[in-house]
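A look at the structure
Residue-level listing of the chains:
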Amino acid sequence: MIRTGSENMDNPDPAEFGILDGISEVIATTRSDSGIPNAAPIGIIWNRDRLHVQLFSGSHTRQNAARTGKIVANITHDLMMYVECTFEDPGPEAFEYPGGMDYPVLKRASAWILFECNQSKGNMFELTPIRGVIHDKPMLCINRGKNAVIEALVHATRYRLNGDAQYLDLIRHYDRIVQRCGGDREKEAIARLKEIMEIR
Ligand SMILES: Cc1cc2nc3c(=O)[nH]c(=O)nc-3n(C[C@H](O)[C@H](O)[C@H](O)COP(=O)(O)O)c2cc1C
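Residues numbered from 1 in each chain as written. Predicted model: local features only at pLDDT ≥ 70, side-chain atom pairs only at ≥ 80, totals over all residues.

Some thoughts on the domain arrangement of the protein chain
Once the domains are mapped, the protein chain shows domain 1 (7-134) and domain 2 (144-197). Computed over C-alpha atoms, the centres of domain 1 and domain 2 are 23 Å apart. Taken together, the contact between domain 1 and domain 2 spans 10 residues of the former and 12 residues of the latter. Here the side of domain 1 that touches domain 2 gets six residues from one element, more than from any other, and that element is helix 2 (residues 79-87). Of the residues that constitute the side of domain 1 that touches domain 2, the class distribution is six nonpolar, two polar and two charged. (Domains from an automatic or database assignment. Contact = placed C-beta atoms within 7 Å. Helix = DSSP H or I, 4+ residues; strand = E, 2+ residues; numbered from the N terminus. Nonpolar A, V, L, I, M, F, W, Y, C, P; charged D, E, K, R; others polar.)

Brief notes about the pairing of strand 2 (residues 22-31)
Of the strand pairs in this sheet, strand 2 and strand 3 (residues 37-47) are connected by 10 bridges, and their pairing is antiparallel. Within strand 3, the residue paired with Glu25 across the bridge is Gly43. Between the end of strand 2 and the start of strand 3, which pair antiparallel, lie five residues, with Gly35 showing a positive phi angle near 95°. The sheet contact formed by strand 2 and strand 5 (residues 70-75) spans three bridges and is antiparallel. Bridge pairing in strand 5 links Ala28 to Ala73. (Pairing = 2+ DSSP bridges.)

A few points about the site of the ligand
As a structural note, the neighbourhood of the ligand is formed by 19 residues, with Ala40, Pro41, Ser59, His60 and Thr61 the closest of them. For the shell around the ligand, the secondary-structure elements that each account for two or more residues are strand 3, strand 4 (50-54), helix 1 (60-68) and helix 3 (144-162). Residue contributions to the shell around the ligand peak at five residues, all from strand 3. For the shell around the ligand, the class distribution of residues is nine nonpolar, eight polar and two charged. (Near = placed C-beta within 6 Å.)

Next comes the structure, spelled out in structure tokens:
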């Protein structure tokens, strides 16, 4: 079901969804050949009027996007969702298949765009918007606490890759910013990240 009051568009303009010049962080949802939904933070790269994602080998997102030729960008400002989707996947109850679509989106997204996704070169996949829905357009000021949760998460993924302890110090640094500038939800998100990373 598409929620009442939602705007539903074919061939949507990503700029209307807040996907602008530079790299926009979203939660990408995909599904496997057998229909298992997956969610992970991914950056959408807007470069000279072209949209791409860079999908590194080894992730479910890359495998699913390459096999199905589709990917959904879910726009959300709920940082807890970013933490939950980075190292684990939310349960099936977090996903929905609006209007009979055979591709999953996050129930709690403010908006989403379904893209056709074609591998262009190496790890780069070019995106073409097919369909999009906007549920709500929160007017958000820049909040250093929200940004700090994202930075901490990026360092957490790097720590997982190479175990370099400097990343743990960086996570602690961003934790201090979250404690100073974040709201309750951002504090819960960084606490969950520290729990996953076993940082005291
Ligand atoms: C803020 C943020 C942005 C990310 N951007 C990307 C990206 O653009 N491409 C990518 O391959 N991985 C990116 N990652 C890492 C993936 O989210 C991570 O590898 C995840 O575990 C993949 O999950 P999956 O195996 O379920 O697809 C990002 C992580 C964070 C926290």
